[in-house]
Each structure stands twice: as structure tokens, then as C-alpha cells.
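In case you want the letters, here they are:
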Amino acid sequence: MIQAFGLTSNPRKARRPALDNVSFEAHTGRVTALLGAPGAGKTTALRLMLELQQGRGITYFRGRPLRRISHPSREVGVLLGDVPGHPARSVRSHLRMLSAAAGVPVRRADEVLEVVGLVSLREERLGTLARGMDRRVGLACALLPDPHTLVLDAPARGLSANEVRWLHDMLRAHAAQGGTVLFTTADPKEAARTADRVVTLDQGGLVADQEAKEFARTRLRPRVAVRSPYAARLAALLTKEARTAQRSLEVVTEDGNRLLVYGSTTADIGDTAFRHGILVHQLADELGDMGPGAGAVPPEARRPAEESVVFDQRQASGDLSAHECSQAARRSQPTESSRAADDQVSDNAPTPVRSSLAGTFPSQGPRPRAAVRTAGVPTTGDGQEPADPKPSAGPSPTAACDADAQEGTTPSPGAHSPGTPARGARVIRRRSTTGTQPQTVPARPEEALTPGSPSPLPPPISVRPAPSPLRPLRYELRRAAGIGTGFVICGATLVVSALVAVLLARIGHTPQARLFAAWPREVPLPPAALGAGLLGALAFGDEFRHPALAVDRGSVPRRLGLLTAKLLVSGATALVLAFLTLGCDAETLYVVYGRELAQVPADWLSLSASWFGLVVGCAWAGVLAAGVFRSTSGGLAAVVAVPVVVVPLVHKVLQGRGASMAAGLPARMREVFLLQWPFGGERYLAGAARVLAQPVGSALTLSLTALLCAYLLTTLRSRVR
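Rules used in this analysis
Residues numbered from 1 in each chain as written. Predicted model: local features only at pLDDT ≥ 70, side-chain atom pairs only at ≥ 80, totals over all residues. Heavy atoms only, no water. Helix = DSSP H or I, 4+ residues; strand = E, 2+ residues; numbered from the N terminus. Buried < 20%, exposed > 50% of the residue type's maximum accessible area, 1.4 Å probe, protein only. Pairing = 2+ DSSP bridges. Axes fitted to C-alpha atoms, helices over the stretch in contact; angles between N-to-C directions. Contact = heavy atoms within 4.5 Å. Phe/Tyr/Trp six-rings, centres within 6.5 Å; stacked < 30°, edge-to-face > 60°. Salt bridge = Lys/Arg side-chain N within 4 Å of Asp/Glu carboxyl O. Parallel < 35°, antiparallel > 145°, perpendicular 65-115°, else oblique. Left-handed = near helix turned anticlockwise from the far one by under 90°. Nonpolar A, V, L, I, M, F, W, Y, C, P; charged D, E, K, R; others polar. pLDDT = per-residue confidence, 0-100. Core = buried A, V, L, I, M, F, W, Y, C linked by side-chain atoms within 4.5 Å. Patch = residues over 30% accessible without salt bridge, like charges linked within 9 Å, V, L, I, M, F, W, Y side chains within 5 Å. Areas by Shrake-Rupley, 256 points an atom, 1.4 Å probe, with all protein chains shown as cover.

1. Concerning the overall build of the protein
Here is step 1: Each helix and strand counted, the protein has 26 helices and 16 strands in total.
Here is step 2: The buried share of the protein, taken over its 721 residues, is 44%.

2. Brief notes about the sheet that holds strand β9 (residues 205-211)
Here is step 1: Spatial strand order, β5-β6-β7-β3-β8-β9: six strands in an open sheet with mixed pairing. Of all strands in the sheet, those bounded by a partner on one side alone are β5 (76-79) and β9. Between one strand axis and the next, the sheet turns by 15° as a mean value, whatever way the strands run.
Here is step 2: Relative to strand β8 (residues 197-202), strand β3 (residues 31-35) runs parallel, the two being bridged by four bridges. Across the sheet, the residue bridging to Leu35 is Thr200, located in β8.

3. Details of the side chain of Thr44
Here is step 1: Looking at where Thr44 falls in the secondary structure, it is placed in helix α1 (residues 42-49).
Here is step 2: Setting aside anything within four residues of it in sequence, one finds Thr44 in contact with Ser9, Ala18, Leu19 and Gln53.

4. Remarks on the packing of aromatic side chains
Here is step 1: Within the structure shown, the criterion is met by three aromatic pairs.
Here is step 2: Judged by centre distance (6.2 Å) and plane angle (65°), the ring pair of Phe5 and Tyr60 falls under edge-to-face. Taken as a pair, Phe5 in strand β1 (residues 2-9) and Tyr60 in strand β4 (residues 55-61) lie far apart in primary sequence, 55 residues in all.
Here is step 3: Residues Phe540 and Tyr711 carry aromatic rings whose centres are separated by 5.9 Å and whose planes lie at 40° to one another, so their mutual orientation is tilted. One end of the pair, Phe540, is in helix α19 (residues 527-545); the other, Tyr711, is in helix α26 (residues 695-720), and 171 residues separate them in sequence.

5. Notes on the pairing of strand β10 (residues 220-227)
Here is step 1: In this structure, β10 lies alongside strand β13 (residues 282-289), joined through eight bridges in antiparallel fashion. Residue pairing for β13: Val224 is matched across the bridge by Asp285.
Here is step 2: With four bridges connecting them, β10 and strand β12 (residues 258-262) associate as antiparallel partners. Of the residues in β12, the one forming a bridge with Ala225 is Leu260.

6. Examining α1
Here is step 1: Counted residue by residue, α1 has six buried out of eight residues, so it is predominantly covered.
Here is step 2: Taken residue by residue, α1 has Lys42, Thr44, Ala45, Leu46, Leu48 and Met49 as its buried positions.
Here is step 3: Two residues or fewer past α1, Glu51 is found with a positive phi of approximately 60°.

7. Remarks on the pattern of salt bridges
Pairing between side chains of opposite charge can happen when their charged atoms approach one another.
Here is step 1: Taken as a whole, this structure holds 19 salt bridges when the rule is applied.
Here is step 2: Taking the shortest distance from any N to any O, the salt bridge between Lys566 and Glu476 comes out at 2.7 Å. Residue Lys566 is found in helix α20 (residues 560-593), and its partner Glu476 is found in helix α16 (residues 472-481); the two are separated by 90 residues along the sequence.
Here is step 3: Three or more residues are tied together by salt bridges with common partners; here these are Arg30, Arg197, Asp209 and Glu211.

8. A look at the packing of α16 against α20
For any two helices packed against each other, the geometry comes down to the angle between their axes and how far apart the axes lie.
Here is step 1: Remark: α16 packs on α20, axes separated minimally by 8 Å, with the N-to-C direction vectors making an angle of 50°. Viewed along their axes, α16 and α20 adopt a mutual orientation that is oblique. Handedness of the crossing formed by α16 with α20: right-handed. Counted together, Pro472, Leu473, Tyr475, Glu476, Leu477, Arg479 and Ala480 of α16 and Gly561, Leu562, Ala565, Lys566 and Val569 of α20 form the full contact between these two elements.
Here is step 2: Residues that form the contact of α16 with α20 fall into these classes: eight nonpolar, one polar and three charged.

9. Section: unusual backbone geometry
Here is step 1: For Glu51, which is not a glycine, the phi torsion comes out positive at approximately 60°.
Here is step 2: We note that Arg62 has phi near 55°; this positive angle belongs to a residue other than glycine.
Here is step 3: Inspection of the secondary structure puts Arg62 in the loop between β4 and α2 (72-75).
Here is step 4: Accessibility expressed as a relative area gives 48% for Arg62, which makes it partly exposed.

10. A word on the confidence of the model for the protein
Here is step 1: Of the residues in the protein, 69% reach a pLDDT of 70 or more, and the chain-wide mean stands at 76.
Here is step 2: Here strand β14 (residues 425-428) stands out as the least confident element of the protein, with mean pLDDT 32; strand β7 (residues 180-185) is the most confident, with 96.
Here is step 3: With pLDDT under 50 throughout, residues 295-453 is counted as low confidence; its partners more than four residues away or in other chains account for 191 contacts.

11. Let's talk about the sheet that holds β4
Here is step 1: Ordered by their spatial adjacency, four strands build an open sheet running β2-β1-β4-β16, and the pairing between neighbours is antiparallel. Edge positions in the sheet fall to β2 (22-26) and β16 (460-461), since each has one partner strand and no second.
Here is step 2: Where β1 and β4 come together, six bridges link them in antiparallel fashion. What sits directly across from Ala4, in β4, is Thr59.
Here is step 3: Docked against the sheet, α1 engages β1, β2, β4 and β16, running at close to 115° with respect to β1.

12. Observations concerning the nonpolar core
Here is step 1: Counting residues in each nonpolar core, the largest one holds 86 residues, and the members touching the most others are Val137 and Phe540.
Here is step 2: Among the elements that take part in this core, helix α21 (residues 604-629) stands out by supplying twelve residues, more than any other.
Here is step 3: Counting 27 residues, the second-largest nonpolar core is a separate cluster that includes Ile2, Ala40, Phe61 and Leu201.

13. Digging into a nonpolar patch on the surface
Here is step 1: The grouping of Leu530, Val640, Val644, Val645 and Leu649 at the surface amounts to a nonpolar patch, some 390 Å² of accessible area in total.
Here is step 2: Ranked by residue count, the leading element in the nonpolar patch is helix α22 (residues 632-653), at four residues.
Here is step 3: Relative to the elements of secondary structure, Leu530 occurs in helix α19.
Here is step 4: Assessed through its relative accessible area of 32%, Leu530 is described here as partly exposed.

14. What to know about the packing of helix α5 (residues 131-143) against helix α6 (residues 161-176)
Here is step 1: The contact between α5 and α6 brings their axes to 11 Å, and the two run at 10°. The orientation of α5 relative to α6 falls into the category roughly parallel. Facing α5, whose interface residues are Gly132, Met133, Arg136, Leu139 and Leu143, α6 presents Glu163, Trp166, Leu167, Met170 and His174.
Here is step 2: Looking at side-chain class alone, the contact of α5 with α6 contains six nonpolar, two polar and two charged residues.

Structure, rendered in C-alpha cells:
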């Protein structure tokens, strides 16, 4: 069950808020439609409910706000906009990746594909899917964690008639299994055909909250559409015949040759046109949309009820005199004209709207109760009305005056009947066919706010941070292996490296170590290091470009678990790439030039450590830089900037001091810590110190430290916000 109270968006400058004090409920086992024209505030309402933008209000999903649910994706399935998956990823691979993020078994992806009817298209790429299939993939992503509640924003947009019917059957089936479904639409016919209850929004406010049958009766009106070149003559004949037969008929002319006839049938209109020889091009039954304000109570009928608001407030505060009580008693006697007006209002008025919360919103404390209180109707323990409340007349406006007259006292300011709202609330009484009693809506803040009293405004909504994958390492492995970009980069790196090694060997005057690494002196980095940096930059760059983890907000969660998984996967990939590069270059040189250029150097251990450290460091620099700058190009630029910008600066600082620092480091550490290095640890420590003492090693270490600090700083800043 969804309970939304007082949803209000933050206004921009002098403009009115896109959503203003909207409250409604979506019950379990039922399909609820949020209806409104474009710009009415439907998407804003969903984003406020899901805590995706700042505003005011509170929303409960089965009694808990979303921020207090440990795994929100398992409680609420969300579909907002298109599916932002990588266009080169297959449907099955995309769902398997999201299953790791949601912490569900991988077989759930195949089950959801069968539910949404995409088994035959599971190997299709996301970029090649049609509009209808794309919406099915979005629904499959929402159903993947098996949530209880579905919140869908315009799920039928752009679908064909058959796909719309399939979608509605899916929503009905989910509700029949005990779930809750809330979807938005701009088509009132779709809402009446699909939903069990329709909540109507207009210009950011709540207009109606009705059952589907009541909505269809008040909003949708049957009519006959007629198109004829003699539309004016046919309209005159239909009006004349209806006047003669004393029938109610309404004819509306559109576009010159199109008529909309209310109160007649296609058979009667066809007979009239045939008898008078009028050519008809179109004759069809339709359901006309009367607009969001159809059936609303006119201002003239609401004025007496609005005048009673002041009386009720003065009655509750004890400001009425005996003369005013007697006048109110005389005014409360109905007349013939008032009875007729009330009957007319009762026939035309829709179900009263549950527009806002009653009373005030405490800053902290128990959850607020239901928005509507019916006078004279007992409530249950949780503040909700009974399942089938019986209409009750409730206390009359002069009940308190009569009681006080009998006792000879004046009304007490602090006492009021159970059916009377507390001070600071306004009561609007409307006659309706459902027998619903007057509703209580909160007063304006300037009317109800007093020193020491709780705030009458709903609590503020803070943006909920994007959730981290429940299984980040598995998610990252499936993300990296799900598309062919990484394999193409690795293959291109090996080919370029082998060609460069052959070219350097042909030119000559190249050291053996640089020959195996295919690293000319004129180039800042070897091909393997650039390829590893590009792979690392893509690890976060693709996340920001195609945010599959946060389809509802377009941002990537900055969590240490996800960062650790990306560093591990990119580091392992860089190690494999570095090893394959050495092997391919050595084999290519052996095949082309023989054994002489393929001999292993004597200090191969320290050279290998430096080589693997360089490639892994470039990969990690790409990951961290892409996470900080939110783009692949930014990550790759940071990798290239290390040898171009940072290395010369470090070289100037450490010029003439690096060798002396590395030479005596093991001995000095042994003297300070009184440690005896086992298994020849001094040699490995000296090798690591020599690597760090080199300008490239020092610059790379410094760059990694700076990027890691920047990433942690942005993470903390986003959490503080």
C-alpha cells in the first residue's frame, strides 16, 4: 500500500510549485492511475514519492518511508523514462548484470524475460530494440528484484494497441497476486479502462480521487462523432427533431464539418441524415473527455458551505453570542429553493477530493494519520475509516449553541465535539452521491502557525542517495564482460604494441627493456599503459553515460564497495594485458629477428615489477579520474597528464636525490625499527624503493594518491548534501 501525504515541490523563483499539497493512497491488490495532462505534476509526484528530488511531504510504502527500507529495489520497482543501458549490451546480459546489483540469483533474469515475453529477443542489443520492446525491457528491470509495489511513469507511451493491452494485463496480474500498482497516464480512457481507482491532477493540485466507475460516470461522456460536408444543416435538423420530441440533445461543431452529438445514437443520427439526403463521411460512437473539472461544484453552490467555515471556527473558539446562535438556527432550516439547489449539486458533484493532510506535521514522531476525517464516522485504531462507513448526519451547526442554551453557559474555547475539527482547520462541506461527509483540510501556514506549536507544513524531503550494488564484484565482472569494447581495446593494444616493437627493433639503438614494452623515448606512455588507462576510464565513464544502476536519477553511486570492485577488476585486467603484451612482443621479435633480440634481461625481476606497476597504475588512474570527472575522456586525459605534466615536476624535485634515497632505505629502516627482514626482504624493499624513486613511479604514486583523495572528498560531499 502506498500512502502519500502533502507532496509539495520546491518552487522556482517566483513561479508556483509544480506540485502543491497532494495526498492520495494506492491500495494493495489494486491498480491506481495518476491522471493528468502534460505538466500537471505526475512525474514530479513520483519523484517526490521516491525521494529523487527535494520538496516536502512523506510517502509510506507498506507503512515505511523509502529511506528506512534496507533494500528499496526489492520493495518498489521503478520505471521512469527510457532504459539507460549500454546500446551494445544484449537484453539478457543487461538483466544478468542488474541481478547482481539487486542481489538476486542469475536465473531470475531468464524468469523475468519469460514473464515479459522477450525470450526470443534475449540476445538482441538494447540499441536495436523497437519502442515497445524497450518498454518491456524497462518493465523487466522493474520486476527483476520481485518487488511488491510497481511505480511506473507513462508505461504505455509510444506503444501500439496490442502492446498496451498486454501491458494492462501485466499490471492487473501483478495486482491480483497481492501487489500494488501505481502508474501515470495522460489518457482518461486508458485510466478508466485499466485502473481500479483514478487520482486526477491538474496544474499541480489534486482535482479528484475516485473509483474507476465513478470517474467514468463524471469524466467520460458518451457521444457520437459525425463528419459531413453539410454539418451545419445536419446540426439544425438534429436540434429541431430533439426539440419536437422534447429530448435533451447537445451538438458541438468542430473544424467546420465535424459534429459531436451528446444525447443521441448513431442509429437516430443516421436515420435523420438518410431522410433528408445528407451525405455522411463518418458516424461513430466515442467517449468524450469532459476535462479535469467535469462535474465540479460551481462557486455559487459552494458559497453557503464556505460561509459555514467561519461559523464553525467561531463556534469551536467560543466566540458566538446567543443572538448569532438563534440566527444560525433559523438559517439552518431548509427552504424549497435550497432543497432544489442541493439536489442539483448532489447530482453533479464528484466524490470529494482527499487533497491534503489534516492538522500539522510534527518534525519528529509517529507517522501522520490519514488525510481525511469524516465527521460522525468512527475510525479504527490507525486513524483510517472503516471499510464500509455508513453516512451519518453529524452534529448540526447549532448543536453546541443548543446545548449551551440548555445549560446556560457559553461554549468553551478548548472543547469541541468529536466531529468538529480543531482550531486552525477549514471545513468544506459538499453534497455528493456517495454520502461522504465533510473533509478537513489544513489551514494556511499563516493561519495555523503559533509560537510553540508544531509546524503545519509537511516534513522536508531530502534526496535519497543512489544505492550501491549488493554484489559489486560480480556486478563489475558482468558489466565489463557484457560488451565487446574491452576485448576490442585489448586486441588493438596487442597488435599496436607488436608493430611498434618490430619498428623499434628495425630502427635500432633501443634498450632491451623498452623493446619488450614497445615504448619509444619520444612517446609518454607505451601502448599497453594507454590501453589499460582507457579500460579503467571506461569502468566509470560508461556508468555515467549509461547509468544502469540509477535509472531513476541519472547518477552513479559513489560507494567504496563499488570503487574497490572496479579497482580490482581493472587491476586484474591490466596485469593480464601487461603479461600478454610482453609475451606477444617477445614472440614477434623472435619470429621476425631471431633469438638475439628475444633474450631475457638479467634484471628481469625489477623490470617486470616496474612494468606491471606502471600498467596497473595507469588503469587505476583512469578509474579514479573518470569517477572524479564523470567522463571517460577525463579519465584518459588524467592518465596522459601523468607523464606529460607530473613527471617533469617530480623529476625537478627529486633530481640528484632519488638514488641516495633508495640506496640506504632498507638499512635505515632496519636500524629504526630493529627488524630483521626474512627471506631476503631487503632486496625486494630496495627494488620497490628504486621504482618509487624514479620520476615515473613517484609521479604515478602521487597522482593516484591525489585522485583517491579527490574521489573520497566528492563522496563525502555528496553524502553531506
